[in-house]
Amino acid sequence: MLLPMTPLIIVNFKTYKEATGENAVRLAKQCEAAAKKAKGKVKVAVAVQATDISKVAVAVDAKAIEVFAQHIDTAEQGKFTGFVTAAAVKEAGAVGTLVNHAEHKLGNAEAIAKHITAAQEKKLNTVVCAANWQEATAVAATKPAPDYIAIEPPELIGGKVSVSSAKPEVVLYSVAAVKKANNAIKVLCGAGINSGQDVKKALELGTEGILVASSVVLAKEPEKALAGLISGAEKAYNS
Ligand code: G3P
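Quick notes on the rules
Residues numbered from 1 in each chain as written. Predicted model: local features only at pLDDT ≥ 70, side-chain atom pairs only at ≥ 80, totals over all residues. Heavy atoms only, no water. Helix = DSSP H or I, 4+ residues; strand = E, 2+ residues; numbered from the N terminus. Rg over C-alpha atoms; globule rule 2.2 N^0.38 Å. Buried < 20%, exposed > 50% of the residue type's maximum accessible area, 1.4 Å probe, protein only. Contact = heavy atoms within 4.5 Å. Lys, Arg positive; Asp, Glu negative; His and termini not counted. Charge placed at Lys NZ, Arg CZ, Asp CG, Glu CD. Pairing = 2+ DSSP bridges. Axes fitted to C-alpha atoms, helices over the stretch in contact; angles between N-to-C directions. Salt bridge = Lys/Arg side-chain N within 4 Å of Asp/Glu carboxyl O. Near = heavy atom within 4 Å. Polar contact = N/O pair within 3.5 Å; in protein donor to acceptor, adjacent residues only side chain to side chain. Areas by Shrake-Rupley, 256 points an atom, 1.4 Å probe, with all protein chains shown as cover. 1 Å grid on protein atoms, 1.4 Å probe; cavity = no way out; pocket = protein on both sides within 12 Å on 5 of 7 lines; lining within 4 Å. Sits in = over half its atoms within 2 Å of the grid points. Nonpolar A, V, L, I, M, F, W, Y, C, P; charged D, E, K, R; others polar.

**Q** So what's going on with the overall build of the protein? Which residues, and what values?
**A** Check the secondary structure of the protein and you find 10 helices and eight strands. For the protein, whose C-alpha radius of gyration is 16 Å, the value lies close to the compact-globule estimate of 18 Å for 239 residues. Reported as C-alpha extents along the three principal axes, the dimensions of the protein are approximately 55 × 40 × 30 Å. Per-residue burial over the protein gives 51% buried out of 239 residues. Intrachain contacts of the protein at a sequence separation of at least 6 include 68% that bridge at least 24 residues. Put simply, the protein has 28 plus and 23 minus side-chain charges, and the middle of one group is 4 Å from the middle of the other.

Put into structure tokens, the structure is as follows:
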């Protein structure tokens, strides 16, 4: 089957205690170790809190692992207080940002477009999250277009049942709808991804990677947990 050369796994650190401050650095190093063993066959990124971008970015090898922001604001640089700008996360070492995550919704297409524009002005990759295939279809028509759209049904987030097994049709429709609207946009899926089998299934449904949080961040051995997900991606690629 036709699969992307390098599937992407994004580990979203969210605001978990286990992934904050020095714990974020430790966890990122564990993700880096798992990524290095994949020898470039799978791309790994970590989406960390704004306050941790800088320390994580200096601690990891940028060739092995990419650092993403979890969110940016669209405020410009200057007389604005309390915002996290695209320029600031870029300067801190991020190469991309999540946009419109289910836990940080922007509310409408106009706001999503503004966030993509702000990110692209600073050459940040954009991963725009969508709750279902209808939202994914709307995001695919956004100008400018994002680099990735990630399908994450909110009700499955943080659970033990993966989107790829519970809602394969949602993933399939989303991939078809996004590709029809704009073939250049890559599609990811996330929510409840717990095993290599979940990742393999996600790629077989036509996605080009996954977003994951709890099964890696809260694992007793995060490196091992991520390695398991990576091996699922490798299996999909080899089957
Ligand atoms: O951004 C990834 C996330 O929302 C999925 O979370 O804990 O279900 O892997 P989780």
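**Q** Give a description of the environment of Ala86 that names residues and reports values.
**A** Summarising the element assignment, Ala86 is placed in helix α3 (residues 86–92). Sequence separation between Ala86 and Gly209 is 123 residues, and the spatial gap between their C-alpha atoms is 24 Å. Contacts of Ala86, omitting those with residues within four sequence positions, involve Ile72, Asp73, Ala118, Ala119, Lys122 and Leu124.

**Q** Give me the lowdown on the sheet that holds strand β8 (residues 209–212), citing residues and values where you can.
**A** Strand order in the closed barrel formed by eight strands is β1-β2-β3-β4-β5-β6-β7-β8, and the pairing between neighbours is parallel. The mean angle between the axes of side-by-side strands here comes to 25°, regardless of whether they run parallel or antiparallel. In the packing of helix α1 (residues 22–37) onto the sheet, contacts are made with β1 (8–12), β2 (43–48) and β3 (65–69), and the angle to β3 comes to roughly 140°. Where helix α4 (residues 109–121) meets the sheet, it contacts β4 (96–99) and β5 (125–130), and its direction lies at approximately 160° from that of β5.

**Q** Outline the pattern of salt bridges, supporting the account with residue identities and numerical values.
**A** Counted under the stated rule, the structure contains 11 salt bridges. Notably, a salt bridge pairs Lys179 with Glu208, separated by 3.0 Å at the nearest N-O pair. Here Glu208 lies in the loop between α8 (196–204) and β8 and Lys179 lies in helix α7 (residues 168–181), a separation of 29 residues in the sequence. By relative accessible area, Glu208 is classed as buried at 16%. The network of salt bridges with shared partners includes Lys29, Glu32, Lys36 and Asp61.

**Q** Please give an account of the site of the ligand that cites residues and values.
**A** The environment of the ligand is formed by Asn12, Lys14, His101, Glu152, Ile157, Gly158, Ala191, Gly192, Leu211, Val212, Ala213 and Ser214. Taking Lys14, its side chain carries an N or O atom lying 2.9 Å from an oxygen atom of the ligand. Here an oxygen atom of the ligand sits 2.8 Å away from a polar atom, N or O, in the side chain of His101. In the complex, 100% of the free accessible area of the ligand, which totals 310 Å², lies under the protein chains. A majority-of-atoms criterion places the ligand in the largest cavity. For the shell around the ligand, the class distribution of residues is five nonpolar, five polar and two charged.

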